[in-house]
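Read off the chains here:
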Amino acid sequence: MKKIAIISGKGGVGKSMLASSLAILFSQDKHKIVAVDCDVDAPNLAVWLNEIGNWDEKRKISVSEKPLIDNNKINSAQAQKCVPKCKFKALIVENEKLKLNYFLCEGCGACEFFCPQGAIKMKAVKNGEIKIKNTKYNFPLVSGHLFPGETGSGKVVSEIKQQAEKFKKIIDKINPDEIQLNLPIRPSGVKLSLPSRKTIEMVSKILGKNAKAVVKFSIKKKGGKAYGNLKKDIFNFLKVRPATLEDLTSSLNANSTEIVKQLYWFLERKKIKESRSKGTKYFVIND
Ligand code: SF4
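Keep in mind the model is a prediction, meaning the values are calculated, not measured.

A.B. asks: Now, about the overall build of the protein: what can you tell me, with residues and values included?
C.D. replies: The helix and strand tally for the protein stands at nine helices and 10 strands. Put simply, 66% of the contacts in the protein that link residues at least 6 apart link residues at least 24 apart.

A.B. asks: Account for the pairing of strand S9 (residues 272-277), naming residues and giving values.
C.D. replies: When S9 meets strand S10 (residues 280-285), the two strands line up antiparallel, connected through six bridges. In the strand pairing of S10, Lys 273 is matched with Val 284. In textbook terms, the turn of a hairpin is the stretch between consecutive antiparallel strands, and for S9 and S10 this stretch comprises two residues, one of which, Lys 278, has a positive phi near 50°.

A.B. asks: With reference to specific residues and values, describe the site of the ligand.
C.D. replies: Inspection of the region around the ligand gives 14 residues, with Cys 86, Cys 105, Cys 108, Ala 110 and Cys 111 positioned closest. Residues of the shell around the ligand, tallied by class, amount to 10 nonpolar, two polar and two charged.

A.B. asks: With reference to specific residues and values, describe helix H1 (residues 15-28).
C.D. replies: The end-to-end C-alpha distance of H1, which contains 14 residues, comes to 20 Å, matching closely the 20 Å that a straight helix rising 1.5 Å per residue would cover. Among the residues of H1, Ser 16, Ala 19, Ser 20 and Ala 23 are the ones counted as buried. Within H1, the buried residues cover an arc of 95° as seen down the axis, which keeps them to one side. Residues of H1 that are exposed and point over 90 degrees away from its buried face: Leu 25 and Gln 28. Contacts made by the buried residues of H1 are with strand S1 (35-36) and helix H2 (45-48). Backbone geometry just downstream of H1 places Lys 30 in the positive-phi region, at approximately 70°.

A.B. asks: Quick one: what's the story with the confidence of the model for the protein, residue by residue and with numbers?
C.D. replies: Across the protein, the average pLDDT comes to 79, with 76% of residues at or above 70. Predicted confidence for residues 184-193 stays below pLDDT 50, and this span has 14 contacts to residues more than four positions away or in other chains. The low-confidence segment residues 216-227, where pLDDT is below 50, has 14 contacts with residues more than four positions distant or belonging to other chains.

A.B. asks: Please set out the nonpolar core residue by residue, giving values where relevant.
C.D. replies: Val 34, Ala 35, Val 36 and Val 142 are the most contacted members of the largest nonpolar core, which totals 20 residues. Looking at this core, the elements with two or more residues in it are H1, S1, H2, strand S5 (120-134), strand S6 (140-146) and helix H5 (153-173). The leading source of residues in this core is S6, at three residues. If you look at the next biggest cluster of nonpolar residues, it comprises 13 residues, including Cys 82, Leu 91, Cys 115 and Ala 119.

A.B. asks: Before we move on, can you summarise the environment of Val 260 with the specific residues and values?
C.D. replies: With respect to the secondary-structure elements, Val 260 resides in helix H9 (residues 256-268). Placed 12 residues apart in sequence, Val 260 and Leu 248 show a C-alpha to C-alpha distance of 9.7 Å.

A.B. asks: Can you lay out the sheet that holds S5 for me, pointing to particular residues and giving the numbers?
C.D. replies: The mixed open sheet is built from four strands, whose spatial order is S1-S6-S5-S2. The open sheet has two edge strands, S1 and strand S2 (57-69), and neither has a second partner. Two elements, S1 and S6, share two bridges in a ladder whose sense is parallel. Paired with Val 36 across the two strands is Val 142, which belongs to S6.

A.B. asks: Just give me the short version of the environment of Ala 243, but keep the residues and values in it.
C.D. replies: If you trace the backbone, Ala 243 turns up in the loop between helix H7 (230-240) and helix H8 (245-252). The exposure class assigned to Ala 243 is buried, which follows from the 25 C-beta atoms found within 10 Å. Put simply, Ala 243 and Ile 285 are 42 residues apart on the chain and 9.9 Å apart in space, counted from C-alpha to C-alpha. For Ala 243, the contacting residues outside a window of four places in its chain are Phe 237, Leu 238, Leu 248, Tyr 282 and Phe 283.

A.B. asks: Give me the lowdown on unusual backbone geometry, citing residues and values where you can.
C.D. replies: Positive phi, normally seen in glycine, also occurs at Asn 54, with a value near 50°. The topology assignment puts Asn 54 in the loop between H2 and S2. Positive phi is not limited to glycine here, since Glu 96 has a value of about 65°. Along the chain, Glu 96 falls in the loop between strand S3 (91-94) and strand S4 (97-100). Residue Glu 96 is classed as exposed on the basis of its C-beta count, with 12 C-beta atoms lying within 10 Å.

A.B. asks: Could you give me a rundown of the packing of H8 against H9, with the residues and numbers involved?
C.D. replies: Axis separation between H8 and H9 bottoms out at 10 Å; the angle between their running directions is 120°. Classified by the angle between their axes, H8 and H9 sit oblique to one another. Once H8 is placed against H9, the crossing between them reads as right-handed. Between H8, through Leu 245, Leu 248 and Thr 249, and H9, the contact on the second element is made entirely by Ser 256, Ile 259 and Val 260.

A.B. asks: Can you lay out the environment of Ile 285 for me, pointing to particular residues and giving the numbers?
C.D. replies: Relative to the elements of secondary structure, Ile 285 occurs in strand S10. Residue Ile 285 is classed as partly exposed on the basis of its C-beta count, with 15 C-beta atoms lying within 10 Å. Among residues more than four places away in sequence, those in contact with Ile 285 are Leu 238, Lys 239 and Ile 272.

Conventions used here
Residues numbered from 1 in each chain as written. Predicted model: local features only at pLDDT ≥ 70, side-chain atom pairs only at ≥ 80, totals over all residues. Helix = DSSP H or I, 4+ residues; strand = E, 2+ residues; numbered from the N terminus. Contact = placed C-beta atoms within 7 Å. Pairing = 2+ DSSP bridges. Near = placed C-beta within 6 Å. Nonpolar A, V, L, I, M, F, W, Y, C, P; charged D, E, K, R; others polar. Expected span 1.5 Å × (residues − 1). Buried ≥ 20, exposed ≤ 12 C-beta atoms within 10 Å, placed from the backbone. Arc of directions from axis to C-beta. pLDDT = per-residue confidence, 0-100. Core = buried A, V, L, I, M, F, W, Y, C linked by C-beta atoms within 7 Å. Axes fitted to C-alpha atoms, helices over the stretch in contact; angles between N-to-C directions. Parallel < 35°, antiparallel > 145°, perpendicular 65-115°, else oblique. Left-handed = near helix turned anticlockwise from the far one by under 90°.

Structural data, given as structure tokens:
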């Protein structure tokens, strides 16, 4: 993976404009790219790409800790002693209680360390957000920001980079001529949550034009007559993935005796074979 970092010590010099232009040009040139906005204090790559809002994924993250004060464990005199331990002037005593100025606190943990009464405990706070979307230019954008007044921008940046690395690993590892996103529910009868259409489209776009989602099978209605195409349906199903008798019965909504008959027909002609995994019998296409 090649990484291009666009950096400057000064704001307003055109970093985002250059980054967005390069991203679009590279993707038009058929390069598989991931655009990453690491400016977590003022992310605006999405603005330049006209991709504000409608994020496919948003995740709150915790990048620093803040002190939690238990005033039951500390009296006014003891609280006064804690105040000077904070070099950021974030601790004050008010109405005989030790209080925290959240916005001045840098989360350094010194107060917890020095409090002789153990009245201060550092606690992780959700103070940043990571957002991911697939852009109309056909590449994913990973962005993130720190909530106002929060500290820990370095950690948000490293989280964003990790997300981007994940995408790129998928793109780099999978470079086949054709990709099938195989999405039937399995094992049979167990309800798994299927990805939304939006997610499927996003994954398809990331993997490139060769990816196609395989989500449909020929399903017969209950009580349907004769299994004229059952043979074909079973074979087509097994071409996509191995299946148990239960998988086939419920997915094709057919009588299990009929399915067994057809499976024997295929087994006798060595078109399919049986395979066992963790004690379960699967039928697979005989290569
Ligand atoms: S964590 Fe650090 S900055 Fe925050 S109140 Fe304690 S000593 Fe002050």
